[in-house]
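Fold and contact review
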Protein chains: 2
Amino acid sequence: MPLQNPTRQAPITAADKVFEQLQHAIVEGDIAAGTKISEPELAKKYEVSRATLREAINRLEKCHLVERQANIGARIVECSVEGLLDLYITREALEGMACRQAAANMTDEEIVQMQSMLAEHAKAKELQEGVAYYQEEGDLDFHYKVILGSHNQQLINILCGQLYHLLRMYRCQFGMNSPRATRAFDEHSRIIDAIADRDGELAEILMRRHIAASRKNIEKKIAQHKLQQHNEDK
Amino acid sequence: MPLQNPTRQAPITAADKVFEQLQHAIVEGDIAAGTKISEPELAKKYEVSRATLREAINRLEKCHLVERQANIGARIVECSVEGLLDLYITREALEGMACRQAAANMTDEEIVQMQSMLAEHAKAKELQEGVAYYQEEGDLDFHYKVILGSHNQQLINILCGQLYHLLRMYRCQFGMNSPRATRAFDEHSRIIDAIADRDGELAEILMRRHIAASRKNIEKKIAQHKLQQHNEDK
DNA sequence: TTTGGAGTTATTGTCGACAATGTTCGTGTG
DNA sequence: CACACGAACATTGTCGACAATAACTCCAAA
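These lines cover the structure that appears in this document, whether it is placed above or below. Computed from a prediction, not measured in an experiment: that's the story for all the values here. Per chain, residue numbering runs from 1 following the sequence as it is written. Lettering for chains starts from A, numbering for ligands starts from 1, and both go in the order in which the items are written. pLDDT decides what is reported in this predicted model: residues at 70 or higher carry local features, side-chain atom pairs at 80 or more are listed and counted, and totals for whole chains, interfaces and linings draw on all residues regardless. In computing side-chain values, all of the structure's heavy atoms are included and hydrogens and water are not.

1. Considerations on the overall build of chain A
Each helix and strand in chain A was counted, giving 9 helices and 3 strands. Each helix is a run of DSSP H or I of at least 4 residues and each strand a run of E of at least 2, with the numbering of both proceeding from the N terminus. Ordered by position from N to C terminus, the α and β elements of chain A give α-β-α-α-β-β-α-α-α-α-α-α. Over its C-alpha atoms, taken along the principal directions, chain A stretches across nearly 55 × 55 × 35 Å. Partly exposed describes any residue whose relative accessible area lies between the buried limit of under 20% and the exposed limit of over 50%, with all areas from a 1.4 Å probe on protein chains only and scaled to the type maximum. Looking at chain A as a whole, 48% of its 234 residues qualify as buried. His is not counted, nor are the chain ends, whereas Lys and Arg count as positive and Asp and Glu as negative. The atom standing in for a charge is NZ when the residue is Lys, CZ when it is Arg, CG when it is Asp and CD when it is Glu. Counting 30 positive and 35 negative side-chain charges, chain A places the averaged centre of each group 4 Å from the other.

Shown next as structure tokens:
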């Protein structure tokens, strides 16, 4: 079962439901990146009026999954390497600060809960299939908890409400199942320690290094990929 | 004349125009914070249909100036002290990173342009009325330039597209004309020096301290205000 | 007096149709 | 043959009306 965004609210209106379906389809790549959205076509497909569909598109725009131009229409965002790196840099700044705030603002209960969550993940990791699991759910789960722990509504809105959908999209489209699972787990562990110690400065530094390490890992892969392509061309 | 958001695009549709008018009215406080938006009423006032008005409301929601609840409606956001501090903390993280990126990515031309801008401000500051000027336009002008200089679309979108409208709203509503003008000017000056030196690490630190100083100044004022109220009550 | 519920009113959500703008295709002219 | 212009088509923007939901009022019963 897929991990739900903790800030997500139950779908109430028809527009809510169409939004969720479209969001899923875009993130998973069922609708190709860069595709132009045809309002009449999609309205027919989901059996709603254009007004309802447009409402759904507006929400997609809010989480940066589509871009609209006046009198022209909406397109699914393109997944570029630059876009991915921009995203990671932004995350580094925001989650670093969220982590610092979490160290200051999380309740003791929240910290205990997060520690037990990590212990669960550790157990799951022992199992062979657990490694794969940790990459997907466990990682998001951890980051969500830290962000919510900041108790800063701005940070929560931007990270959980907007950027994380985009991040999931990139992860799907670029097939990112990095071999950083074990190392990432250790890093998570140390971050929690820093939060438990109420050491905001260290917590921020560790979170930034954690995300920066992911980014550099991606950059390395891209470089290798390009090199490989270059050799093939010869 | 008010400084325009550099990422703003010319209004094309009727919804664009209504959005800009509403945005201005909300930021300036012509529509009180916390007010519930009545779609029929505003549609009548701006002489557009409800569909057009709803489109405008959606954009206001994108820059966090209103909040919507399904089947209930939209309200202008409340300006709370916590909200203001959350905003400054988020800015500290984002603009700090933007500043680091600016040091790495700004072109030499952009840097020269920014330096000359500051020189202009310095001249204006000499004049008596210039001090007031620098608080409003000059400050925003500087921060915009740094953000754009990051060449990071995510940072630009979030800061210029979303947070800065909220910031202007808080500044208007709380009547923030702090006496930090001269000091802020010096801080800006040093930040530009760091960028010109291509010293990203220092640039980030200085920008964070610059914003943190504003935040602490606000916190101090709030504390004084509370103390004063407390004494009055006695 | 207060509380609970039924009926009324107002507001939001959704719909189909029309107007305005963009796009495409074909034709004519240089 | 290339280019420009114009007509036909498709898409988006806007509108007014209806359906669904929430808010309010008023009355009755505890």
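Now that the structure is up, let's keep going.
2. What to know about the environment of Glu95 of chain A
Residues and elements named next belong to chain A. Within the secondary structure, Glu95 sits in helix α4 (residues 81-105). Of the residues examined, Glu95 reaches a relative accessible area of 1% and is grouped as buried. For the pair Glu95 and Leu159, spaced 64 residues apart in sequence, the C-alpha to C-alpha distance is 7.9 Å. Residue contacts for Glu95: discarding those within four places in its chain leaves His143, Ile147, Leu159, Tyr164, Met207 and Ile211. Any pair of residues with heavy atoms lying within 4.5 Å of one another is described as a contacting pair.

3. A closer look at the pairing of strand β2 (residues 66-69) of chain B
Residues and elements named next belong to chain B. Pairing between strands is defined by DSSP: at least two bridges between the two strands are required. With 4 bridges joining them, β2 and strand β3 (residues 73-76) adopt antiparallel strand pairing. Note on β3: the bridge partner recorded for Arg68 is Ala74. The turn linking β2 back onto β3 is made up of 3 residues, and Asn71 within it adopts a positive phi angle of 65 degrees.

4. Notes on the packing of aromatic side chains
All names here are of chain A. Aromatic rings from Phe, Tyr and Trp, taking only the six-membered ring of Trp, are treated as a pair when their centres fall within 6.5 Å; an angle between ring planes under 30 degrees marks them as stacked, one over 60 as edge-to-face, and anything in between as tilted. Scanning the entire structure with this criterion turns up 4 aromatic pairs over all chains. Between the aromatic rings of Tyr170 and Phe174, the centroid separation amounts to 5.6 Å while the plane-to-plane angle is 70 degrees, which identifies the pairing as edge-to-face. We classify Tyr170 as buried; its relative accessible area is 4%. Since its relative accessible area comes to 32%, Phe174 is described here as partly exposed.

5. A word on the protein's contact with DNA strand C
The environment of DNA strand C is made up of 19 residues, and the closest members are Ala14, Ser49 and Thr52 of chain A together with Arg50 and Arg54 of chain B. Each residue is tested against the molecule or strand, and it is near if at least one of its non-hydrogen atoms lies within 4 Å. Sugar plus phosphate, as a fraction of atoms of DNA strand C within 4 Å of the protein: 69%. Within the contact set of DNA strand C, a phosphate oxygen lies 2.6 Å away from a side-chain nitrogen or oxygen of Thr52 of chain A. By the criterion applied in these results, polar contacts are pairs of N or O atoms within 3.5 Å in which, for protein atoms, one can donate a hydrogen and the other can accept it, and in which residues neighboring in sequence qualify only through two side-chain atoms. A distance of 3.1 Å is found between a phosphate oxygen of DNA strand C and a backbone nitrogen or oxygen belonging to Ile37 of chain B. Mapped by element, the contributors of at least two residues to the surface near DNA strand C are α1 (14-28) and α3 (50-62) of chain A together with β1 (36-37), α2 (39-46) and α3 (50-62) of chain B. By residue number, the principal contributor to the surface near DNA strand C is α3 of chain A, which donates 3 residues.

6. Observations concerning the pairing of strand β3 (residues 73-76) of chain A
Residue and element names in this part refer to chain A. In β3, alternate side chains face the same way, and those of Ala74 and Ile76 are buried while those of Gly73 and Arg75 on the opposite face are not. Sheet analysis places strand β1 (residues 36-37) next to β3, joined by 2 bridges and oriented antiparallel. Counterpart to Lys36 in the pairing with β3 is Arg75.

7. Section: α4 of chain A
What a helix should span is 1.5 Å times the count of its residues minus one. The end-to-end C-alpha distance of α4 of chain A is 35 Å, a good match for the 36 Å that 25 residues give at a rise of 1.5 Å each. Most of α4 of chain A sits out of view: 20 of its 25 residues are buried.

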